[in-house]
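What the coordinates show
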Amino acid sequence: MDFLDIVFNELSLQTPAADISTARQWMSEFIDTIRAVKPAPGIKRKLRTRSDFFYSFLAPNYPIVKWLNDPDVDLEARRFLKGLQDKNDLWLQDIADPGIEVRYQGKQAIGLDYAFVFNPIALSLISDPEWDCSRLELEVTPVDENEELVTTNESIIHASRSDHAREHADWIEKRTRKEIRNGLDLWQRRGVLFPHLLFCDAVEKQLQSLLTEDPMLWSVEERLSQLENASQTWISGAVDQNTIPCKTSLESESRLKKFSQELTIKCPDEKERLFSWHVRMTPGAWRLHFSTELGAGKIIIGYIGPKIK
């Protein structure tokens, strides 16, 4: 990764400021917040927004494009924001994941949808007290005609002040210091990155499809890291699913009956096991199937790829 994604929450512009002076203050804090998001050396920031970002109104008759040309605004601040946008080669409308529906307090927001799917830091204007926080809770519903729709609450990293960004400094540094080049690299380094996980041989080939900058690469790495952390804390008894910070599910009886052959996988101990437990990954409606049958501290990874159909 040679850049750090920052995504703009367009809901923070749903109510413009009463006057231009307030709008300038919002943008000043916004610029300070972006500057406080400090990636590892050699990593650049990339601000992702909706395609109409520049024409969004900060105040009546004062869209962002006017702010960019406002002589009463610091020139370096204007150049800084424009430089981040010059690197924007993909608008948010082009990368929404149809496999899930993401809402914030019942409202759809493509920026927050992107933040949930790709796990960048989400930034808002400090336009309302509801954005004055370092995390946001989202309502996430999978869109899957073959499964019961269950909405869960999910937390994402967020900032609207420089203090919020500094609170996430360790997370930002860790995210930007990852040097995983592709799925094969992830496989070859699995013993170092995930020492408490066991991998079935079939997973190697499945990971080879993940190329550099494939958004699924980071989703897979994130889920494996979550299972690694859960495995480390699993000392005895059955694994506590609450220690895995994402939704875990068992396949339905109908799917187990239909796909029992595909879900029965040869494990590192040469035994074949049925991998019913799974976690979701987006974009693309991928699944990671795992087993806990070996006991405490031993989670087996059996399948990583698109949902089996």
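Structure: see above.
Below, the structure is looked at part by part. Quick caveat, the model's predicted, so the values are computed rather than measured.

Thresholds, definitions, all that
Residues numbered from 1 in each chain as written. Predicted model: local features only at pLDDT ≥ 70, side-chain atom pairs only at ≥ 80, totals over all residues. Heavy atoms only, no water. Pairing = 2+ DSSP bridges. Helix = DSSP H or I, 4+ residues; strand = E, 2+ residues; numbered from the N terminus. Contact = heavy atoms within 4.5 Å. Axes fitted to C-alpha atoms, helices over the stretch in contact; angles between N-to-C directions. Buried < 20%, exposed > 50% of the residue type's maximum accessible area, 1.4 Å probe, protein only. Disulfide = S-S within 2.5 Å.

As a further point, take the sheet that holds strand E7 (residues 121-123). Sheet strands associate in pairs through backbone hydrogen bonding, adopting either a parallel or an antiparallel arrangement. Strands sit in the order E2-E1-E7-E9-E8-E5-E6 across an open sheet of seven strands; the sheet is mixed. Sheet topology places strand E2 (44-48) and strand E6 (107-108) at the edges, where each strand pairs with a single neighbour. In this sheet, strand E9 (residues 152-159) lies alongside strand E8 (residues 135-142) in antiparallel orientation, the contact comprising six bridges. Paired with Arg135 across the strands is Ile157, a residue of E9. Against the sheet, helix H1 (residues 20-36) makes contact with strand E1 (3-8), E2, E7 and E9, and its axis sits at roughly 165° relative to E7, the strand it touches most. Its contacts with the sheet put helix H4 (residues 110-118) on E1, E2, strand E5 (100-104), E6, E7, E8 and E9, and the angle it makes with E5 is roughly 120°.

Moving on to unusual backbone geometry. With a phi angle near 60°, Asn61 is a residue other than glycine that sits in the positive phi range. Looking at the secondary structure, you find Asn61 in the loop between strand E3 (57-59) and strand E4 (62-63). In the Ramachandran plot, Glu270 falls in the positive-phi region, its phi being about 75° despite a non-glycine side chain. Relative to the elements of secondary structure, Glu270 occurs in the loop between strand E12 (264-266) and strand E13 (272-274). When its relative accessible area of 54% is taken as the criterion, Glu270 is described as exposed.

Considering all chains together, one arrives at zero disulfides under this definition. The structure places no disulfide on Cys200, whose sulfur is separated from the nearest cysteine sulfur, that of Cys267, by 4.1 Å. In this structure Cys200 comes out as buried when scored by relative accessible area, which is 0%.

Ordered in space as E10-E16-E15-E14-E11, the five strands form an open sheet in which the pairing is mixed. Unpaired on one side and paired on the other, strand E10 (197-199) and strand E11 (248-250) mark the two borders of the sheet. Taken pair by pair, the neighbouring strands of this sheet meet at an average axis angle of 35°, ignoring direction. Two strands pair when backbone bridges link them, and E11 and strand E14 (residues 277-281) are joined in this way by three bridges, in the antiparallel orientation. Across the sheet, Leu250 pairs through a bridge with Trp277, a residue of E14.

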